[in-house]
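# Understanding the architecture of this molecule
Listed below, chain by chain, are the residues.
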Amino acid sequence: MSRRNKKAVPAPGAVRPTVTVCRDCCCGTPKVPGIDHAAQLADLRSSLTEVATVRSVVCLDACEHANVIVIQPSAEGRLAGGRPVWLGLVNDRDATADITAWIEAGGPGIAEPPGILDLYAFRPSRRGRAELEH
């Protein structure tokens, strides 16, 4: 069976949505001015501690979209058709607050994202998607 035809199976431990915050060469550095990167990550962690897993990772190879945040659905969300959502240029507190509100409502597959997040969504390269899976 080809990879395309396989039914998505939730990863073990994916009971909650996972919020992956890129932090390395561009994301989370002074190359992206005007945002307190440490505060952004701390805000996500403190706001979502009860409903999602928040992790930071080394470069997701989408530097042109810095700061990048990827929202992966919970197991329930994936079974409902939710897929990872890549958001770029998340460089202000309002965008971070919109992400938080969406995750608190259930995230991909469970709740519709605030419409404004459509402006941040992008399709990553295959390499970027592969990096997230490891």
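Above: the structure in question.
The notes below deal with the structure included here. Just so it is clear, the structure is predicted and the values come from calculations on it, not from any experiment.

The rules we used
Residues numbered from 1 in each chain as written. Predicted model: local features only at pLDDT ≥ 70, side-chain atom pairs only at ≥ 80, totals over all residues. Heavy atoms only, no water. Pairing = 2+ DSSP bridges. Helix = DSSP H or I, 4+ residues; strand = E, 2+ residues; numbered from the N terminus. Axes fitted to C-alpha atoms, helices over the stretch in contact; angles between N-to-C directions. Contact = heavy atoms within 4.5 Å.

With that out of the way, let us pick up the sheet that holds strand S1 (residues 18–22). Pairing within the open sheet is mixed, and its four strands lie in the order S2-S1-S3-S4. Here the strands that pair on one side only, and so sit at the sheet edges, are strand S2 (53–57) and strand S4 (85–87). In this sheet, adjacent strand axes meet at a mean angle of 20° when their direction is disregarded. Pairing of strand S3 (residues 69–72) with S4 involves three bridges; the strand directions are antiparallel. The partner of valine 70 across the bridge, within S4, is tryptophan 86. Sheet strands in contact with helix H1 (residues 37–48) are S1, S2 and S3, and its direction is about 160° off that of S2. Along the sheet, helix H3 (residues 93–104) contacts S1, S3 and S4; its crossing angle with S3, the most-contacted strand, is approximately 10°.

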